[in-house]
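Reading the structure
Below are the chains, spelled out letter by letter.
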Amino acid sequence: METTRLVVNGKATELNIDPATPLLWALREKLGLTGTKFGCGMALCGACTVHVDGNAVRSCVTPVRAVAGKRVTTIEGLSADCSHPVQRAWLQIQVPQCGYCQPGQMMSAAVLLAANANPSDADIDDAMAGNLCRCGTYARIRKAIHLAAELARSAK
Amino acid sequence: MISPYERRFLICGWASLFALLAGSAPLSPRISARAQENTANKKDKSLQAFRAVASVLTSPRCLNCHIPGDAPLHGDDGKPHKELNIKRGPDGRGTPAMRCTNCHQSENAATPHAPPGAPNWQLPPPSMRMAWQGLSTGDLCRTLKDPAKNGNMTLAQLYQHLDEHPLVLWAWNPGPGRSVPPLSHEQFMSKVKEWMDTGAACAE
């Protein structure tokens, strides 16, 4: 066991855990942040996407030692009150069906919008290609990202 | 005034010099032929060394990312990394929310078929693609030597890059289920050195 220090959702955190443990399991089982989902365990589906220093990262293949000293944000930390434009748009469009992949989808969408305030359909397709949805909500996801971009722009 | 003795001596001296020059004249072509032979041997040695170097550079571990297009390849069979619509992006590190390092960490994932990793996983940027795919051995050699195509590196810098860069070294530690290049890194570097020491010749 080793102690890994990091910041999770804005809070300084210490993890006493094998540093080879995937970040996903540290978040879910040590910190109780179960919004981040296990999908494939091989970085292929995007359900486990979180932010590490602002980048979308697959937590299922990221060892805890790789995030020492870094800032990790999970779906629970995207905003304190569901006010992030992506969360508002997701609610307004009613994107989820079963909902399992949606935390990962929203985390990737938030990174896209941080880099591109007005993404085209092609930009969205490129950015979201790594997040799979078995329910096939892709059309609603795309629509919600356009709306989130609009909400973010109008808030400025 | 020059005495008859001195005149004789001068005449003899000049005669000896002419004789010496005349005698040595047939040596020149022999020296030149040997020099040519040495140069040809050196070039052959250089070309042979580069063939060994090329056997590594054209292995899937190198060729999967040294591509002319925008979608990297993966696996030993060089499948396009298109299942996730992976793209090179403006800096070679992917597109927003689909950066290479989203999945490729600074170390290999232990699970077979999960993403391999090394620090700063990326493709060459679009402004300097360093594309080797489909090149003949001669063209690969010229591309590797050309600073306009190799990332502005001199041969000395290229040697250092091949010797030390983490993404190069990863080829010999690619994680489960991936082949390694046909030479060890030590053998590879010895062939790179031999190629450079013998003039870094490229096949026509």
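Further up the page is the structure itself.
Below: a short report on this structure. Values in this document were obtained by computation on a predicted structure and should not be read as measured data.

Some thoughts on the overall build of chain A
- Looking only at helices and strands, chain A has 5 helices and 5 strands in total.
- Reading chain A from its N end, one meets helices and strands in the order β-β-α-β-β-β-α-α-α-α.
- For chain A, whose C-alpha radius of gyration is 15 Å, the value lies close to the compact-globule estimate of 15 Å for 156 residues.
- Counting across all 156 residues of chain A, residues that qualify as buried make up 51%.
- The contacts in chain A between residues at least 6 apart in sequence include a share of 58% that link residues at least 24 apart.

Examining the interface of chain B and chain A
- Each partner contributes residues to the interface: chain B has 16 residues there, and chain A has 20 residues.
- Counting across the chain B and chain A interface gives 2 salt bridges.
- Taking the shortest distance from any N to any O, the salt bridge between K87 of chain B and D126 of chain A comes out at 2.9 Å.
- Counting across the chain B and chain A interface gives 6 residue pairs in polar contact (both at pLDDT 80 or more).
- It is helix 4 (residues 100-103) of chain B that contributes the most residues to the side of chain B that touches chain A, 3 residues altogether.

Some thoughts on the sheet that holds strand 1 (residues 2-8) of chain A
Residue and element names in this part refer to chain A.
- Spatial strand order, 2-1-5-3-4: 5 strands in an open sheet with mixed pairing. Edge positions in the sheet fall to strand 2 (11-17) and strand 4 (55-58), since each has one partner strand and no second. This sheet shows a mean twist of 40 degrees between the axes of neighbouring strands, independent of strand direction.
- With respect to the sheet, helix 3 (residues 102-115) is in contact with strand 3 (49-52), strand 4 and strand 5 (71-73), its orientation differing from that of strand 3 by roughly 35 degrees.

As for the environment of A52 of chain B
Residues and elements named next belong to chain B.
- Mapping A52 onto the fold places it in helix 2 (residues 27-57).
- Overall, the relative accessible area of 17% leaves A52 in the buried class.
- It is 30 Å that separates the C-alpha atoms of A52 and A109, two residues lying 57 residues apart in sequence.
- If sequence neighbours within four positions are ignored, A52 has contacts with L183 and K191.

Quick look at the layout of surface pockets
- What the second largest pocket holds in volume is close to 400 Å³.
- In this structure, the second largest pocket is lined by 18 residues; those nearest its centre are N55 and K70 of chain A together with T101, H104 and Q105 of chain B.

Here we look at the pattern of salt bridges
- For the structure shown, the criterion picks out 14 salt bridges over all chains.
- The salt bridge involving R65 of chain A is made with E107 of chain B; its shortest N-O contact spans 2.6 Å. Here the residue R65 of chain A occupies a position in the loop between strand 4 and strand 5, and E107 of chain B occupies one in the loop between helix 4 and helix 5 (137-145), the pair thus bridging two chains.
- For R65 of chain A, a relative accessible area of 40% gives the class partly exposed.
- Across the pair K193 of chain B and D197 of chain B runs a salt bridge whose closest N-O atoms are separated by 2.7 Å. Here K193 of chain B pairs with D197 of chain B, and both are found in helix 8 (residues 185-197), just 4 residues apart, close to one helical turn.
- We classify K193 of chain B as partly exposed; its relative accessible area is 43%.
- Residues joined in a network through salt bridges with shared partners are D121, D125 and R142 of chain A.

Cut-offs applied
Residues numbered from 1 in each chain as written. Chains lettered and ligands numbered in written order. Predicted model: local features only at pLDDT ≥ 70, side-chain atom pairs only at ≥ 80, totals over all residues. Heavy atoms only, no water. Helix = DSSP H or I, 4+ residues; strand = E, 2+ residues; numbered from the N terminus. Rg over C-alpha atoms; globule rule 2.2 N^0.38 Å. Buried < 20%, exposed > 50% of the residue type's maximum accessible area, 1.4 Å probe, protein only. Contact = heavy atoms within 4.5 Å. Salt bridge = Lys/Arg side-chain N within 4 Å of Asp/Glu carboxyl O. Polar contact = N/O pair within 3.5 Å; in protein donor to acceptor, adjacent residues only side chain to side chain. Pairing = 2+ DSSP bridges. Axes fitted to C-alpha atoms, helices over the stretch in contact; angles between N-to-C directions. 1 Å grid on protein atoms, 1.4 Å probe; cavity = no way out; pocket = protein on both sides within 12 Å on 5 of 7 lines; lining within 4 Å. Points joined across faces, edges and corners; volume = space filled by probe spheres on them.

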